[in-house]
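The chain contents come next:
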Amino acid sequence: MDKIRLAIIGQGRSGRDIHGAFLRSENNTKFQVVAVVDAIAERRERAKAEYGCDVYADYHELFGRDDIELVVNSTFSQLHAEITMDLLEHGFNVICEKPFTKTYEEGCRVVETAKKSGKMLNVFQQSRFAPHYQEIKKILASGKLGEILEVNIVFSEFARRWDWQCAKSMNGGNIRNKGPHPLDQALGLMNFPEDVTVFSKLAKVNTFGDAEDYAKVILTAPGCPLLDVEIASNNAYIPYNYLILCQYGSLKASFKQIDYKYYNPNTAPEQKLILEPLCKEDGTPAYCREQLEWTEECVQVDAAFPNDAVSRYYSMIYDYLRNGVPMTVVPEQVLCQLKVIDKIHAQNPMPMIY
């Protein structure tokens, strides 16, 4: 197989434990890590042992090489835009970690840089390929549940946090750190509309930084269901990750199991509007009661998440670079997400302290 030779910038939780974990695994047959960049000497030594590759302290040292086809930018969040544009201008295809950029305008500059360079730019939205999300989309597309009215997505937990991703100066906070995953899924269910109405509330609750660790976001757009996204670090009870209310039934799901129930409108009792008061046979008041025949289905999601999603994401990248297959994740979709994030932060100004 014609492997793609790549470099990874950064060996933190994403660069090593997400990208690197897949690229070092036996599931990776399409990519070869030939260089790793990290400013920390211990991480460079570990990378040399784990990948058997060249290591550098500064990503500029990659510019002298012509054997690297793809660079994974998993640096600090506030550096994503600057480094991605630099890599594109020096002839590399780039995968940029999320958050893509700090603002929509900055994201547009990066996308324009990619177009001018003629190189591939993609954003690591691997949750688009999560097995449970893909299965939910199939169920909704089947029409069994009818029209989708409301989608609730919960990416919450109870956890205090004190690392650099709590700092606004480093592009931190729940909306930019964890938010790109549920926001991408939510906007995907809305078909990435051009303009989205946003209602949101952010709060700093248990974090030791100055960025939000509670986020509630409501999204609406013409012809779309209402999307309710929760990304909270103060939720100790998580009854579901997804709850979807539809015309003929409902769906609830975790990352491992999907349950849904619905009735068939073609076989349901025939009813018509009655404007007079409803009465029982004895003349006492009655309420609308009927017995619907419910169909209940359950899908166990066997694929490992998030590892399977990462593998599918990288397959998309390979198929594009080697075979020209159109990518299902494109930067313009992420620009739609950045517009939403800009609106969220405009609605919830918070002072920068750190």
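Just so it is clear, the structure is predicted and the values come from calculations on it, not from any experiment.

**A few points about unusual backbone geometry**
Thinking step 1. Along the chain, Lys98 connects to Pro99 via a cis peptide bond; the corresponding omega equals -5°.
Thinking step 2. Relative to the helices and strands, Pro99 is located in the loop between strand E5 (93-96) and helix H4 (104-117).

**Some points on the pairing of strand E10 (residues 226-230)**
Thinking step 1. When you tally the buried positions in E10, you get four out of five residues, the bulk of the element.
Thinking step 2. Pairing between strand E7 (residues 148-154) and E10: five bridges, direction parallel. Looking at E10, one finds that Val154 is bridged to Glu230.
Thinking step 3. Here strand E9 (residues 214-220) runs beside E10; their pairing, made up of four bridges, is antiparallel. Note on E10: the bridge partner recorded for Val217 is Val229.
Thinking step 4. Count of turn residues in the E9/E10 antiparallel hairpin: five residues, of which Gly223 carries a positive phi of about 75°.

**Considerations on the sheet that holds strand E4 (residues 70-73)**
Thinking step 1. If you walk across this open sheet you meet the six strands as E3-E2-E1-E4-E5-E6, and the pairing is parallel. Two strands in the sheet have a free side with no partner beyond their single neighbour: strand E3 (54-56) and strand E6 (121-123). The mean angle between the axes of side-by-side strands here comes to 25°, regardless of whether they run parallel or antiparallel.
Thinking step 2. Here four bridges tie E4 to E5, and the two strands are oriented parallel to one another. By the bridge assignment, Val71 is partnered in E5 with Val94.

**Some words on the nonpolar core**
Thinking step 1. Of all hydrophobic cores here, the largest spans 38 residues; its most connected members are Leu219, Leu251 and Ile258.
Thinking step 2. A per-element tally of this core places helix H9 (residues 331-347) first, with four residues.
Thinking step 3. Setting aside residues up to four positions removed in sequence, Leu251 forms contacts with Ile136, Ile139, Leu145, Tyr242, Leu243, Ile244, Ile258, Asp259 and Tyr260.
Thinking step 4. In terms of nonpolar packing, the next biggest core, distinct from the first, is built from 28 residues, Leu23, Val36, Val72 and Leu321 among them.

**What about the environment of Phe208?**
Thinking step 1. Position of Phe208 among the secondary structure elements: in the loop between strand E8 (197-203) and E9.
Thinking step 2. Judged by its relative accessible area of 48%, Phe208 falls in the partly exposed class.
Thinking step 3. For Phe208 and Trp164, which are 44 residues apart along the polypeptide, the C-alpha to C-alpha distance reads 9.9 Å.

Definitions and limits used
Residues numbered from 1 in each chain as written. Predicted model: local features only at pLDDT ≥ 70, side-chain atom pairs only at ≥ 80, totals over all residues. Heavy atoms only, no water. Helix = DSSP H or I, 4+ residues; strand = E, 2+ residues; numbered from the N terminus. Buried < 20%, exposed > 50% of the residue type's maximum accessible area, 1.4 Å probe, protein only. Pairing = 2+ DSSP bridges. Axes fitted to C-alpha atoms, helices over the stretch in contact; angles between N-to-C directions. Core = buried A, V, L, I, M, F, W, Y, C linked by side-chain atoms within 4.5 Å. Contact = heavy atoms within 4.5 Å.

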